[in-house]
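# Coordinate analysis (summary)
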Amino acid sequence: MPYVDLPPGFDDPVEGVWKIRPEQGAAALSWTHANWQHSILSSREREAARYRVAQLNGCLTCQQWRVQGFDGVGCTEDFYQGIASGSNDHAYSRREQLAIEMAERFSLSWDSIGADFMEELRKNFSDDEIVDLLLCIGQYVAQGRLIHILDLDVVCPTAPSSLAVMR
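Anyway, here's the lowdown on the structure attached to this text. (Residues numbered from 1 in each chain as written. Predicted model: local features only at pLDDT ≥ 70, side-chain atom pairs only at ≥ 80, totals over all residues. Heavy atoms only, no water.)

Every buried residue belonging to helix H1 (residues 13–20) is among Pro-13, Val-14, Gly-16, Val-17 and Trp-18, and all of these are buried. The elements touched by buried residues of H1 are helix H2 (22–38) and helix H8 (127–149). (Buried < 20%, exposed > 50% of the residue type's maximum accessible area, 1.4 Å probe, protein only. Helix = DSSP H or I, 4+ residues; strand = E, 2+ residues; numbered from the N terminus. Contact = heavy atoms within 4.5 Å.)

The structure is reproduced here in structure tokens:
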């Protein structure tokens, strides 16, 4: 049972919560769409980070959410199942491993990321990709926790392929 009263007429409680504060809700949706449609990261890198944050947040919505067609770029159920240990799993590229590890560090120990990890990140990502990764992870942490805290976790249907650009 959600901890806030949602406006009537919304089948999707996450969509409904943005209508409680429409000005901020519009900004939150814009941030989400920017990450999905304009990120320069590969779909697998972004999904690895997103899914790891979902696991750490305990957000059922985010753990069940899939984009139609992403299996075509390797975001299969096997891909998602290995993410919890993916920062050390050779089934993931080095960039995917680092995206998973950054999601963990950002979510759990952001104040101790350190120069060594950032140096490793910079060996594998350009500066604009690092900023992109951090913006994506920040959105996943913030919105995922909001959804979970307000008890709005639901199992979402597969998102339409038009939502995200595959890379």
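All chains considered together, the criterion is met by 10 salt bridges. We note a salt bridge from Arg-50 to Glu-47, for which the minimum N-O separation is 2.6 Å. Placement of both Arg-50 and Glu-47 in helix H3 (residues 43–57) is noted, with a separation of 3 residues, approximately one turn of the helix. Glu-47 matches Arg-50 in its accessibility class, with the two residues each being buried. What emerges from the salt-bridge pattern is a single network uniting Glu-45, Arg-95 and Glu-129. (Salt bridge = Lys/Arg side-chain N within 4 Å of Asp/Glu carboxyl O.)

A few words now on the nonpolar core. By size, the foremost hydrophobic cluster in this structure holds 29 residues, and its most contacted members are Phe-79, Ile-83, Met-102, Leu-121, Leu-133 and Ile-137. Taken together, the elements giving at least two residues each to this core come down to H3, helix H5 (77–81), helix H6 (94–108), helix H7 (114–124) and H8. For this core, the leading source of residues is H8, giving 6 residues. Dropping the residues within four chain positions of it, Leu-133 is found in contact with Leu-41, Ala-49, Ala-99, Met-102 and Leu-121. By size, the runner-up hydrophobic cluster in this structure holds 10 residues, among which are Val-14, Ala-28, Ala-54 and Leu-152. (Core = buried A, V, L, I, M, F, W, Y, C linked by side-chain atoms within 4.5 Å.)

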